[in-house]
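# Inside the fold
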Amino acid sequence: MYFCTFVVRFKNDSKMSPVKKVGFYTLGCKLNFSETSTIARAFEQGGFVRAVRGERADIYVINSCSVTEHADKKCRNIVRRLIKENPGAVVVVTGCYAQLKPQELAAIEGVDLVVGNNDKGTIFERVAALGAKRGATVHTCEAGELTGFFAAFSTGDRTRSFLKVQDGCDYHCSYCTIPLARGASRNLPVADLVREAEAIAAKGQREIVLTGINVGDFGRTTGESFVDLLRALDAVGGIDRYRISSIEPNLLTDEVIAFTAGSDKFQPHFHVPLQSGCDRILALMRRRYNTARFAERIGAVRTQIPGVFFGIDVIVGFPGETDEDFEVTCRFLEEIRPAFLHVFPYSVRPNTPAAEMDGKVAPDVAAHRVQRLGELSSRLYRSFCAAQQGREAKVLWESTRRGGDMFGFTENYIKVRTPFDRERINTITRVRLGALDADGVAQATILSE
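About the cut-offs
- Residues numbered from 1 in each chain as written.
- Predicted model: local features only at pLDDT ≥ 70, side-chain atom pairs only at ≥ 80, totals over all residues.
- Heavy atoms only, no water.
- Salt bridge = Lys/Arg side-chain N within 4 Å of Asp/Glu carboxyl O.
- Buried < 20%, exposed > 50% of the residue type's maximum accessible area, 1.4 Å probe, protein only.
- Pairing = 2+ DSSP bridges.
- Helix = DSSP H or I, 4+ residues; strand = E, 2+ residues; numbered from the N terminus.
- Axes fitted to C-alpha atoms, helices over the stretch in contact; angles between N-to-C directions.
- pLDDT = per-residue confidence, 0-100.
- Contact = heavy atoms within 4.5 Å.
- Left-handed = near helix turned anticlockwise from the far one by under 90°.
- Nonpolar A, V, L, I, M, F, W, Y, C, P; charged D, E, K, R; others polar.

## Some points on the pattern of salt bridges
In this structure the tally under the stated criterion is 37 salt bridges. Residues D119 and R126 are paired through a salt bridge, measuring 2.7 Å at the closest nitrogen-oxygen approach. Residue classification places D119 among the buried positions, given a relative accessible area of 8%. We classify R126 as partly exposed; its relative accessible area is 26%.

## As for the sheet that holds strand 12 (residues 309–316)
Taken in spatial order, the six strands of this open sheet run 8-9-10-11-12-13, and their pairing is parallel. On the outer flanks of this sheet lie strand 8 (160–164) and strand 13 (340–345), each paired with one strand and no other. The average angle at which neighbouring strand axes cross in this sheet is 20 degrees, direction not considered. Across five bridges, the pairing between strand 8 and strand 9 (residues 207–211) is parallel. Paired with K164 across the bridge in strand 9 is T211.

## Considerations on the pairing of strand 16 (residues 415–419)
Alignment of strand 15 (residues 405–409) against strand 16, held across five bridges, turns out to be antiparallel. Across the sheet, F407 pairs through a bridge with R417, a residue of strand 16.

## Quick look at the confidence of the model for the protein
Within the protein, residue pLDDT values average 91, and 93% of them lie at 70 or more. The model gives residues 2–17 a pLDDT under 50, and that stretch makes 57 contacts with residues more than four places away or in other chains.

## Describing the packing of helix 7 (residues 190–202) against helix 8 (residues 226–234)
Helix-helix packing is described using two parameters, namely the angle between the two axes and the distance between the axes. Here helix 7 crosses helix 8 at 35 degrees, and the two axes come no closer than 10 Å. Here the hand of the crossing between helix 7 and helix 8 comes out right-handed. Every residue of helix 8 that contacts helix 7 at V190, L193, V194 and A197 is listed here: D228, L229, A232 and L233. Partitioned by chemical class, the residues of the contact of helix 7 with helix 8 number seven nonpolar, no polar and one charged.

Written out as structure tokens, the structure reads:
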């Protein structure tokens, strides 16, 4: 979850109104983070300045997630806590939970606005026009309205920006509500996204992470391709690094692999959803590949990009997943050896085929499987980093200071630390990689330029 606070002075024709504070909460994915940042810039342009973090706010905007039942519950808890702490504050809820279950949120006493995904760009205007609290109003949360594109990128980090390049999904996996919450796959033209990247470069940020629901599906609405976008972004001056946040294995094409391998800017780092290492479960999930195809794509990347970092998503406890199915997944993961696992227990989502499937897995069994894969992920990550120890790498240094150290990431996404040096923030330097500490962070020795 991400939180930021701003101060606003609403203007009218006569005089400046009292200073008000506005806080933003972001739940879920980096796509939401980029959108919240863009919503916040609209408030800034309307007169906002940043306030000290932790101060109470007069207005709250919560950008919600609904990928799991836990995400829904977390959103409700935050909303209720904010209302309890500050009952006079204006409370706005947007995002996927708001899109899917607007009346559930509107029923919470103290909520003022529930805004669908298609209307995020109007939140500032709606808040400014709201006036006094008078009960919840729901905007654009009806089915069938998800056709627009809310252009977004983040600017809250000095070194890195998340650029939204695509929205929606035409895949209908049996467990997922994203097509209902985000609509069909769509995107801006390449030329528009190049201008967004140029705006990010102008702010001094040197790395862009391409975000979306299904980024490899880019081009559905413009007749362009994902590789067209990569080529155009590669030519943008001022940006030194790009990362592809997540790409479906069937869309990790030979053309995408070859371009990334030959680019100095696109980093050797891929986040690829697997979801299960068992073909029987993949079929029940309605995924568009099997394990043989997934392994072949991973191998194709490694052939051209040595030392590549793979982060992989896995869902455990899907309806019908037996102990043997889970063991098949474990063996498959041991074979392909990604650098990191993002593990999630299956969560029943209303209006999905999986919600009606037999063979529900007990919560304690699912929790045990999450723990098993968490331990495997730790082993895989340490093994990946150990293979890099002693090698040279390039690190983009961030502004965080903790325990006298600063932190950054290598090209292939190993987190490193070195003694803090303010002059190195937002610079890229050559380092030699050392061993991992107990927190999984590698010590880096800066090499002479």
